[in-house]
Amino acid sequence: MGIEDYGGGQTPQADVLVVTTNDVPGHQVTQIIGEVFGLTVRSRHLGSQIGAGLKSMIGGELKGLTKTLVEARSQAMERLVDQARARGANAVLMMRFDVSEAADVGTEVCAYGTAAVISKT
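Per-chain numbering applies: the sequence of each chain, read as written, is numbered from 1 onward. With pLDDT at 70 or above as the cut-off, local features in this predicted model cover only qualifying residues; side-chain atom pairs require 80 or more to be listed or tallied, and sums for whole chains, interfaces and linings still use all residues. Just so you know, side-chain values use all the structure's heavy atoms and leave hydrogens and water out.

Participant: Help me understand helix α2 (residues 63-86), please; the structure alone is not making it clear to me.
Facilitator: Every α-helix winds through 3.6 residues per turn, so residues three or four apart in the chain are directed the same way. A rise of 1.5 Å per residue sets the reference length of α2, with its 24 residues, at 34 Å; its end C-alpha atoms lie 35 Å apart and thus fit the reference within 8%. Three exposure classes are used, based on accessible area relative to the maximum for each residue type with a 1.4 Å probe and protein chains only: buried under 20%, partly exposed in between, and exposed over 50%. What counts as a helix is a DSSP run of H or I of at least four residues, what counts as a strand is a run of E of at least two, and both are numbered from the N terminus. Those residues of α2 lying buried are Thr68, Val70, Ala72, Ala76, Met77, Leu80, Val81 and Ala84. In this structure, the buried residues of α2 make contact with β1 (17-18), β2 (27-43), β3 (91-102) and β4 (106-120). Following α2 by one or two positions, glycine 88 adopts a phi angle in the positive range, close to 95°. What a helix should span is 1.5 Å times the count of its residues minus one. Should any heavy atoms of two residues lie within 4.5 Å, those residues are considered in contact.

Quick look at the structure:
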């Protein structure tokens, strides 16, 4: 994975804008639709668990787990945007991620925010 694979974000052509702020400069919120979220649970395969266990003894980045978490965040974001779009939103405000363990077999990643309709001022 190159450095571009470790980030997130949207393309400039995205039809649903996702921001971590309350509002969008140059836009006004014309309608609040409500909470939306995207959720995924990813299990770790045996190879990455063994590798992570060995790596944790000597230190350093756990690249297999990093890759899994990046993929999980991206999938959660896609699902968040899909839900917002389906409900008629063109923006998601105050987007956040929540990450937790899921029954000791994987990692749960939830992207959530407030679906809204915005327009340029």
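Participant: Even after reading the chapter, I still don't get the environment of alanine 76, so can you show me in this structure?
Facilitator: Its location among the elements puts alanine 76 in helix α2. In this structure the C-alpha to C-alpha distance between alanine 76 and phenylalanine 97, which are 21 residues apart in sequence, comes to 8.7 Å. Setting aside residues no more than four positions away along its own chain, alanine 76 makes contact with Gly38, Thr40, Val109 and Ala111.

Participant: It is not clear to me how the pairing of β3 should be interpreted in this structure. Could you clarify?
Facilitator: On a regular strand, one side chain projects to one face of the sheet and the next to the other, so that they alternate. Two strands qualify as a pair provided that DSSP identifies no fewer than 2 bridges between them. In terms of strand pairing, β1 meets β3 through two bridges, oriented parallel. Looking at β3, one finds that valine 18 is bridged to valine 92. Two elements, β3 and β4, share 10 bridges in a ladder whose sense is antiparallel. By the bridge assignment for β4, aspartate 98 is matched with cysteine 110. Connecting β3 to the next strand, β4, in antiparallel fashion are three residues, including alanine 103 with a positive phi near 55°.

Participant: What is the right way to look at the sheet that holds β4 in this model?
Facilitator: Two strands in a sheet stick together by hydrogen bonds in their backbones, pointing the same way (parallel) or opposite ways (antiparallel). A sheet is described by the order of its strands in space; here four strands give the open sequence β1-β3-β4-β2, paired in mixed fashion. The two strands at the open ends of the sheet, each matched to only one other strand, are β1 and β2.

Participant: Looking at this model, I keep getting lost on the confidence of the model for the protein. Mind explaining?
Facilitator: Parts of the model with low pLDDT should not have their predicted coordinates read in detail. Values of pLDDT, which run from 0 to 100, indicate the predictor's confidence residue by residue. The predicted model of the protein averages 85 in pLDDT, with 83% of residues at 70 or higher. Ranking the helices and strands of the protein by mean pLDDT puts β1 first, with 96, and helix α1 (residues 46-58) last, with 55.

Participant: How do you make sense of the packing of aromatic side chains when you look at a structure like this?
Facilitator: Centres within 6.5 Å are what make two rings of Phe, Tyr or Trp a pair, Trp counting through its six-membered ring; a difference in plane orientation under 30 degrees is then read as stacked, over 60 as edge-to-face, and the rest as tilted. Taken as a whole and judged by the stated rule, the model has zero aromatic pairs. Its end group placed over the ring of phenylalanine 97, arginine 73 keeps NZ or CZ at 3.8 Å from the ring centre. We call a charge positioned over a ring when the NZ of a Lys or the CZ of an Arg lies within 6 Å of the ring centre and within 35 degrees of the ring normal.

Participant: Honestly, unusual backbone geometry in this entry has me stumped. Any pointers?
Facilitator: A negative phi angle characterises most non-glycine residues, just as the trans form characterises most peptide bonds. Even without being a glycine, methionine 94 presents a positive backbone phi close to 55°. If you trace the backbone, methionine 94 turns up in strand β3. Methionine 94 gets classed as partly exposed once you look at its relative accessible area, which sits at 29%.

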